Amino acid sequence: MVDNPLLPEFAWVVNEHPNEKDVQELKQHLRDYNVIHANSDDGYGIAIFLRDIHHQMVAGVSGWLWGECLEIDYLWVKETLRGRGVGKLLMTTIEEAAIERGCRQITLETISFQAPEFYQKLGYNIFGVIEGFGHR
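About the criteria used
Residues numbered from 1 in each chain as written. Predicted model: local features only at pLDDT ≥ 70, side-chain atom pairs only at ≥ 80, totals over all residues. Heavy atoms only, no water. Helix = DSSP H or I, 4+ residues; strand = E, 2+ residues; numbered from the N terminus. Rg over C-alpha atoms; globule rule 2.2 N^0.38 Å. Pairing = 2+ DSSP bridges. Axes fitted to C-alpha atoms, helices over the stretch in contact; angles between N-to-C directions. Contact = heavy atoms within 4.5 Å. Core = buried A, V, L, I, M, F, W, Y, C linked by side-chain atoms within 4.5 Å. Buried < 20%, exposed > 50% of the residue type's maximum accessible area, 1.4 Å probe, protein only. Phe/Tyr/Trp six-rings, centres within 6.5 Å; stacked < 30°, edge-to-face > 60°. Lys NZ or Arg CZ within 6 Å of the ring centre and 35° of its normal.

J.: Mind showing me how you'd approach the overall build of the chain here?
T.: What the chain contains, in helices and strands, is three helices and four strands. Counted from the first residue to the last, the chain has its helices and strands arranged as α-β-β-β-α-β-α. In terms of C-alpha radius of gyration, the chain reaches 19 Å, well past the compact-globule figure of 14 Å for 136 residues. In terms of its C-alpha atoms, the chain occupies a principal-axis envelope of roughly 55 × 40 × 35 Å.

Take a look at the structure:
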């Protein structure tokens, strides 16, 4: 608990490992607010998964489509498949799916060790850099 003199009647709780239900509730509150102010309630998740013959995930990409924007949340390719075009294929496939659904803009965040050059080769532009982030 954190004491706050500005709002003493509320409990301020810092969670290092928050309950997933609480995180989902937080996301839903923000989405509800956005729906009201953007006059759009068509947001939904979208994902593409690559599975091996044992149905184990070996790669995937996911994001959130809302309005005319896709926000890429996660892209992962198993190390043994990297450098074989799997990431590029995942990205182009989710981009095409987003465009088919009326998307005109795609955003994502990446960290220096997550290969930002990969996204630049796909045509993504850097619009912000936080220097020194991700290094200890």
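J.: What exactly am I supposed to notice about the sheet that holds strand S1 (residues 44-51) here?
T.: Strand-to-strand pairing in sheets goes through backbone hydrogen bonds, with the strands running parallel or antiparallel. If you trace the four strands from one edge of the open sheet to the other, you get S1-S2-S3-S4, paired in mixed fashion. Two strands close off the open sheet at either side, each with one partner strand: S1 and strand S4 (105-108). On average, adjacent strands in this sheet sit at an angle of 25 degrees to one another, irrespective of strand direction. As paired strands, strand S2 (residues 57-66) and strand S3 (residues 69-77) are joined by eight bridges and run antiparallel to one another. When the bridges of S3 are listed, tryptophan 66 appears paired with cysteine 69. The sheet contacts of helix H2 (residues 86-100) involve S1, S2, S3 and S4, and relative to S3 the element is tilted by about 160 degrees.

J.: Which parts of the structure should I look at to understand the nonpolar core?
T.: Considering soluble globular proteins, one finds that nonpolar side chains tend to be buried as a cluster. Among the nonpolar cores identified, the biggest contains 19 residues, and Leu70, Ile72 and Met91 are the most heavily contacted of them. Sorting the residues of this core by element identifies S2, S3 and H2 as the ones contributing at least two each. Those residues within four positions of leucine 70 in sequence are excluded, and the remaining contacts are Ile46, Gly63, Trp64, Leu65, Ile94, Ala98, Cys103, Gln105, Ile106 and Thr107.

J.: It is not clear to me how the packing of aromatic side chains should be interpreted in this structure. Could you clarify?
T.: Centre-to-centre distance and the angle between the planes together describe a pair of aromatic rings. Evaluation of the coordinates by the stated rule reveals two aromatic pairs. Considering the side-chain rings of phenylalanine 118 and tyrosine 119, the 5.0 Å spacing of their centres and the 75 degrees angle between planes classify their relative orientation as edge-to-face. Tyrosine 119 gets classed as buried once you look at its relative accessible area, which sits at 10%. The structure contains a cluster of three or more aromatic residues connected by ring pairs, namely Phe118, Tyr119 and Tyr124. Positioned above the aromatic ring of tryptophan 64, the side-chain terminus of arginine 31 is 3.5 Å from the ring centre.

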